[in-house]
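Structure at a glance
So you can see what is in the structure, the chains are spelled out below.
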Amino acid sequence: MFTSEKGVVEEWLSEFKTLPETSLPNYATNLKDKSSLVSSLYKVIQEPQSELLEPVCHQLFEFYRSGEEQLLRFTLQFLPELIWCYLAVSASRNVHSSGCIEALLLGVYNLEIVDKQGHSKVLSFTIPSLSKPSVYHEPSSIGSMALTESALSQHGLSKVVYSGPHPQREMLTAQNRFEVLTFLLLCYNAALTYMPSVSLQSLCQICSRICVCGYPRQHVRKYKGISSRVPVSSGFMVQMLTGIYFAFYNGEWDLAQKALDDIIYRAQLELYPEPLLVANAIQASLPHGAMKSSKEGTRCIQVEITPTSSRISRNAVTSMSIRGHRWKRHEQPDNNNDTTELGILVIPEISVTNVAGERTGNGEKGRTLGEVDAQHIQGVQETTTDPRTESKGLPEIRRQKSVRKMMEDGINSPGRVQF
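Residues numbered from 1 in each chain as written. Predicted model: local features only at pLDDT ≥ 70, side-chain atom pairs only at ≥ 80, totals over all residues. Heavy atoms only, no water.

**Examining the overall build of the protein chain**
Scanning the protein chain from terminus to terminus reveals 18 helices and 4 strands. Across the 419 residues of the protein chain, 33% fall into the buried class. By sequence separation, contacts in the protein chain at least 24 residues apart represent 72% of the contacts at least 6 residues apart. Only carbon and sulfur atoms are counted for the fraction: they give 52% of the accessible area of the protein chain, which is about 27,700 Å². (Helix = DSSP H or I, 4+ residues; strand = E, 2+ residues; numbered from the N terminus. Buried < 20%, exposed > 50% of the residue type's maximum accessible area, 1.4 Å probe, protein only. Contact = heavy atoms within 4.5 Å. Areas by Shrake-Rupley, 256 points an atom, 1.4 Å probe, with all protein chains shown as cover.)

If you want it as structure tokens, here you go:
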């Protein structure tokens, strides 16, 4: 470690001790922009024999329990590197050099398993159902699902998985080690969107090292340091895959691809079904080419959302459409009354009796209008000229009055027999 980097860390340690409580939010906001400080702290953590490791771990714990959200995330970004250092020291059986790291990990764990009132937390996770749409899938795209009796009984039921309450730990042992570390990775994954790129790079690198150390692939990866195998659990590998999946779509394609291959390699050797299932699902969903996503800006997992179809079809049959179709059918001109003259529109007569083109009843003969009635009906018709069609010479013929109206005027309806 260079003298300049050591001076940056020492200045950071002394600055926080003299900082008043009122200026803590401003200090936390400006802390994430100090890239030189972050790189120096990584080098301190990677050297277990460094004299600055203990005060650095103590101050990171003070950040975490301060209650300031920015300071809490600042400590969380070093969590993958701290976990790797602890596992590496534990595998080499040099436990005495990892006391401060173990104390920091235990402190963060004991703070996370309780709420502000000191009660144990119970985390709940709802497993989505394929029968309901989400941002990841549409039920119609999956295909037809057989509606059996058991499927109908479970339709609409959501399964909830609970985690906790977790017991407090005073020390890390071989029995509870991965229970604590898995929960810490769960807390880290909950804040993935706030983690800088250097933290995502550290996560991918330590996942590869944990999975291949002590195996023949370590020589292929050219990892130096410890050569003994690091034990892992199935749940711990699943939490590693969660962070790696996020790193794929946020600018760390190459490192995430290498870490995914190493996790599949280790899961096949250990015969862990859960990591194999998750890792193969991630690998199958990846695009063929590398994602050229920017490392700056909002970080998110990119998904394709299929457009939802409208619930009411545009061609749906309604009462209004039936009514409009009926009027269109009545207003169609009769073929027998069609004229060959161009520009003349013939509107058929609508009457309850003996309409032009109407069928005659069985045994009845067509009746003709009387001369008086015919002259009166001709007088009832009014011919007007539309000003819009006046220049074209197309007269508009109005519809005749109905027979009911003529009867009200005192004219007997033609075609009816009075008794």
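Now, onward.
**A few points about the nonpolar core**
In terms of nonpolar packing, the biggest core is built from 91 residues, with Trp-12, Phe-74 and Phe-236 touching the most fellow members. Here this core takes 9 residues from helix α6 (residues 79–91), the largest share from any one element. Ignoring sequence-local partners within four residues, the contact set of Phe-236 consists of Ile-83, Leu-87, Phe-178, Leu-181, Thr-182, Leu-185 and Ile-210. (Core = buried A, V, L, I, M, F, W, Y, C linked by side-chain atoms within 4.5 Å.)

**As for a nonpolar patch on the surface**
Nonpolar side chains collect at one region of the surface, where Val-122, Val-160 and Tyr-162 lie side by side and expose about 290 Å² of accessible area between them. Structurally, Tyr-162 is set in strand β2 (residues 159–163). (Patch = residues over 30% accessible without salt bridge, like charges linked within 9 Å, V, L, I, M, F, W, Y side chains within 5 Å. Salt bridge = Lys/Arg side-chain N within 4 Å of Asp/Glu carboxyl O.)

**Concerning the pattern of salt bridges**
Taken as a whole, this structure holds 9 salt bridges when the rule is applied. Two residues, Glu-69 and Arg-73, come together in a salt bridge whose shortest N-O distance is 3.7 Å. Here Arg-73 and Glu-69 lie together in helix α5 (residues 69–76), a separation of 4 residues that amounts to about one turn. Linking Arg-221 and Asp-262 is a salt bridge whose minimum nitrogen-to-oxygen distance equals 2.9 Å. With Arg-221 in helix α12 (residues 217–221) and Asp-262 in helix α14 (residues 253–270), this residue pair connects regions lying 41 residues apart in the sequence. Each of Arg-217, Arg-221 and Asp-262 takes part in salt bridges that share partners, so that together they form one network.

**Quick look at the layout of surface pockets**
Of the volumes computed, that of the largest pocket is approximately 930 Å³. Around the largest pocket, the lining is made up of 30 residues, and of these Phe-125, Leu-186, Asn-189, Gln-239 and Thr-242 lie nearest the centre. Elements with a minimum of two residues in the lining of the largest pocket: α5, β1 (123–127), α10 (177–190), α13 (234–248) and α15 (273–285). Taken together, the residues of the lining of the largest pocket sort by class into 21 nonpolar, 5 polar and 4 charged. (1 Å grid on protein atoms, 1.4 Å probe; cavity = no way out; pocket = protein on both sides within 12 Å on 5 of 7 lines; lining within 4 Å. Points joined across faces, edges and corners; volume = space filled by probe spheres on them. Nonpolar A, V, L, I, M, F, W, Y, C, P; charged D, E, K, R; others polar.)

**Comments concerning unusual backbone geometry**
A positive phi angle, near 60°, is found at Lys-222, a position not held by glycine. The class for Lys-222 is exposed, based on a relative accessible area of 70%. Positive phi is not limited to glycine here, since Leu-271 has a value of about 60°. Positionally, Leu-271 belongs in the loop between α14 and α15.

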